[in-house]
Amino acid sequence: AGRKVDVEKYTADALQAVKIKFASTPEEVLSSEGFFHPEFAHQVFGESESIVGYRKLSIELVYAPCTLQMLCTISFQDKIKPSSGIKPDNIEKALAEWIPRSWTTNKDVFIQTLDNEHKFEPMGELTHRADTPAGTFEVYLCRSDTPRFADFLTHLQPFLIWHIEAASFLDLTDENWRIFLVFQREEKGGRVWQRIAGLISVYEHYAYREHIRPRISQVLVLPPYQRKGLGRLLLQQVYAHYRGNKKVVDVSVEDPSENFVRLRDRVDFENYMADPTLRALSGPFTDATAEAIRSRLHLPRLQARRVYEIATLHATNMGDKEAARAYRLAVKQRLFQPLVKKAEVEQRVVAAMTPAERALYEEEKKGYRAEVARQYEALETQYAHVIEEWKRQTAN
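Owing to the predicted nature of the structure, the values given are computational and were not obtained by experimental measurement.

Asker: What should I look at first to understand the overall build of the protein in this one?
Answerer: When helices and strands are tallied, the protein shows 14 helices and 13 strands. Here the C-alpha coordinates of the protein stretch approximately 70 × 70 × 45 Å along the principal axes. Residues counted as buried form 44% of the 396 residues belonging to the protein. A separation of at least 24 residues holds for 66% of the contacts in the protein among residues at least 6 apart in sequence.

Asker: Is there a simple way to explain the nonpolar core in this structure?
Answerer: Soluble globular proteins tend to pack their nonpolar side chains together in the buried interior. Core analysis: the largest hydrophobic core is formed by 104 residues, its most contacted members being Phe-45, Leu-61, Leu-95, Phe-159, Trp-162 and Leu-181. Excluding residues that lie within four positions of it along the chain, Leu-95 makes contacts with Val-44, Phe-45, Ile-59, Leu-61, Cys-72, Trp-103 and Trp-162. By size, the runner-up hydrophobic cluster in this structure holds eight residues, among which are Ala-23, Val-62, Ala-64 and Phe-110.

Asker: When you look at the sheet that holds strand S12 (residues 211–221) in this model, what are you seeing that I'm missing?
Answerer: Backbone-to-backbone hydrogen bonds pair the strands of a sheet. The strands run either parallel or antiparallel. Read from one edge of the open sheet, six strands run S8-S9-S10-S11-S12-S13, paired in mixed fashion. Both edges of this open sheet fall to strand S8 (125–132) and strand S13 (252–253), since each of them pairs with a single strand only. Where S12 meets S13, two bridges bridge the pair, whose relative direction is parallel. Residue pairing in the sheet places Arg-215 in a bridge with Ser-252 of S13. Each of strand S9 (135–143), strand S10 (177–188) and strand S11 (191–207) touches helix H6 (residues 149–156); the most contacted strand, S10, lies at about 80° to it. Along the sheet, helix H8 (residues 230–242) makes contact with S8, S9, S10, S11 and S12, crossing S11 at roughly 50°.

Asker: Where do I start with the packing of H8 against helix H9 (residues 258–273) in this structure?
Answerer: Packed helices, taken two at a time, are described by their axes: the angle between them and the distance between them. Contact pair H8 / H9: the axes reach a minimum separation of 10 Å and the direction vectors enclose 55°. Between H8 and H9, the crossing angle belongs to the class labelled oblique. The chirality of how H8 crosses H9 is right-handed. From H8, Gly-231, Arg-232, Leu-235, Gln-236 and Tyr-239 reach across to H9, where they touch Phe-260, Leu-263, Arg-264, Val-267, Asp-268, Glu-270 and Asn-271. Across the contact of H8 with H9, the residue classes break down as five nonpolar, three polar and four charged.

Asker: Explanation requested: unusual backbone geometry in the structure shown.
Answerer: Glycine aside, residues mostly have negative phi angles, and peptide bonds mostly take the trans form. Even without glycine at this site, Asp-255 takes up a positive phi of about 45°. With respect to the secondary-structure elements, Asp-255 resides in the loop between S13 and H9. Residue classification places Asp-255 among the exposed positions, given a relative accessible area of 67%. For His-298, which is not a glycine, the phi torsion comes out positive at approximately 60°.

Asker: Honestly, H9 in this entry has me stumped. Any pointers?
Answerer: Residues that lie three or four places apart on an α-helix share one face, since the helix turns once every 3.6 residues. Look at H9: 23 Å from first C-alpha to last across 16 residues, which is about the 22 Å you get at 1.5 Å a residue. Of all the positions in H9, only Phe-260, Leu-263, Arg-264, Asp-265, Val-267, Asp-268, Phe-269, Glu-270, Asn-271, Tyr-272 and Met-273 are classed as buried.

Asker: I'm lost on the environment of Ala-359 in this one. Help?
Answerer: Take Ala-359: it is sitting in helix H14 (residues 355–395). Judged by its relative accessible area of 45%, Ala-359 falls in the partly exposed class. Separated by 188 residues in sequence, Ala-359 and Asp-171 have C-alpha atoms that sit 54 Å apart.

Asker: Even after reading the chapter, I still don't get the pattern of salt bridges, so can you show me in this structure?
Answerer: Pairs can form between side chains of opposite charge once their charged atoms are near each other. Taken as a whole and judged by the stated rule, the model has 22 salt bridges. Taking the shortest distance from any N to any O, the salt bridge between Arg-232 and Glu-270 comes out at 2.7 Å. Within this pair, whereas Arg-232 is found in helix H8, its partner Glu-270 is found in helix H9, the two being separated by 38 residues in sequence. With relative accessibility at 33%, the residue Arg-232 sits in the partly exposed group. The residue Asp-265 makes a salt bridge to Arg-306 at a minimum N-O spacing of 2.6 Å. A residue pair is termed long-range when its members are at least 10 positions apart, and Asp-265 in helix H9 and Arg-306 in helix H12 (residues 301–315) qualify at 41 residues. Across the pair, Arg-306 and Asp-265 agree in class, each one buried. Connected through salt bridges with shared partners, the residues Arg-129, Glu-138, Arg-185 and Glu-187 form a single ionic network.

Asker: In this structure, what is going on with the packing of aromatic side chains? I would like to understand it.
Answerer: The relation between two aromatic rings is expressed through the spacing of the ring centres and the mutual angle of the planes. Counted by the stated rule, this structure contains 14 aromatic pairs. Geometrically, the ring pair formed by Phe-137 and Tyr-225 is edge-to-face, given 6.4 Å between the ring centres and 90° between the ring planes. Residue Phe-137 is found in strand S9, and its partner Tyr-225 is found in the loop between S12 and H8; the two are separated by 88 residues along the sequence. With relative accessibility at 0%, the residue Phe-137 sits in the buried group. Ring geometry for Phe-285 and Tyr-308: centres 5.8 Å apart, planes at 55°, overall tilted. Here Phe-285, found in the loop between helix H10 (276–279) and helix H11 (287–297), pairs with Tyr-308, found in helix H12; they are 23 residues apart in sequence, far enough to count as distant. According to the relative accessible area criterion, Phe-285 is buried, its value standing at 14%. Note on Tyr-308: relative accessible area 5%, which makes it buried. These aromatic residues form a ring-pair network of at least three members: Phe-22, Phe-36, Tyr-63 and Phe-159. In this structure, Lys-19 is placed above the aromatic ring of Phe-35, and the distance from its NZ or CZ to the ring centre is 5.4 Å.

The rules we used
- Residues numbered from 1 in each chain as written.
- Predicted model: local features only at pLDDT ≥ 70, side-chain atom pairs only at ≥ 80, totals over all residues.
- Heavy atoms only, no water.
- Helix = DSSP H or I, 4+ residues; strand = E, 2+ residues; numbered from the N terminus.
- Buried < 20%, exposed > 50% of the residue type's maximum accessible area, 1.4 Å probe, protein only.
- Contact = heavy atoms within 4.5 Å.
- Core = buried A, V, L, I, M, F, W, Y, C linked by side-chain atoms within 4.5 Å.
- Pairing = 2+ DSSP bridges.
- Axes fitted to C-alpha atoms, helices over the stretch in contact; angles between N-to-C directions.
- Parallel < 35°, antiparallel > 145°, perpendicular 65-115°, else oblique.
- Left-handed = near helix turned anticlockwise from the far one by under 90°.
- Nonpolar A, V, L, I, M, F, W, Y, C, P; charged D, E, K, R; others polar.
- Expected span 1.5 Å × (residues − 1).
- Salt bridge = Lys/Arg side-chain N within 4 Å of Asp/Glu carboxyl O.
- Phe/Tyr/Trp six-rings, centres within 6.5 Å; stacked < 30°, edge-to-face > 60°.
- Lys NZ or Arg CZ within 6 Å of the ring centre and 35° of its normal.

Written as structure tokens, this is what we have:
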């Protein structure tokens, strides 16, 4: 009888095995540096994010930074034997489900393609150019029928799968999509390189009587370009695109991540503080407050209230006990609202409760208060960070 195979030795963590980088020169292609790992691999390699059948597996995906042509190099020390009864995962097939099969496995062929990278031109309508300490960046707006965009998107979209947990590919047969691409522009020796750095996708939902409600769907800044202010740049470009458009009801966000919630708070507060009319608002949050913020910043009611709470915190002397107490109460009342509605429904049941059941119910209500207190503490901390960030930015 043959020895039992240790399957664990032939199982690789996809998040470690997959390595991605952008390379502009032959030296960068051949270098072992500059790689980053995906944050998610469950859509490509299954829920366990593992690859079976190989020892010391390495999957290197090297991209040309402008055209996104790809070099795929799969290497391993050992492959599981057929006699083990275990079939190795088909890595190329798994990749091909998500990545266009135009990649090469030949380094020399790939290096030759780099010679043409400077000929690549972004597609769509140039909406903004920003000169930043990290370089010059240009934002282009694309629609489903923008020439060359559909093909480029097939090469760019796999990055969504690697870096956004619940990412999905865009259906460009739907003409309501608007996609903003950001490129880093570099001029050297009379040549221009436009390297893709990120994207933000927006779906224009229909609203009653010829209005639209644009909803931000997916936001991605590629790892080499993160922490350079590009998320803020993209979000501001979305706002700039819809500002002044009377058809727009508001600009919302679909299922935002924690990181995006923080980014959105910062950008919305920055825009609020830059508007003298909004800065003059005071007192409790009312329908009129919500409408003033919506009409000027296109923010939906809940986000308008968040930003108003941040602005109110900024204007409140939290060292003054009465002022601090009034602020906390106003925010807690909002947080308590969903729980109050739940309690109203439950109130119908309370009348029929036995004394013992009612005592348990009262205990549960105390839990509501504790939950609201916890939520409030977390919110005040988040709001304080937003204010500090804004102060740093305005000081520069």
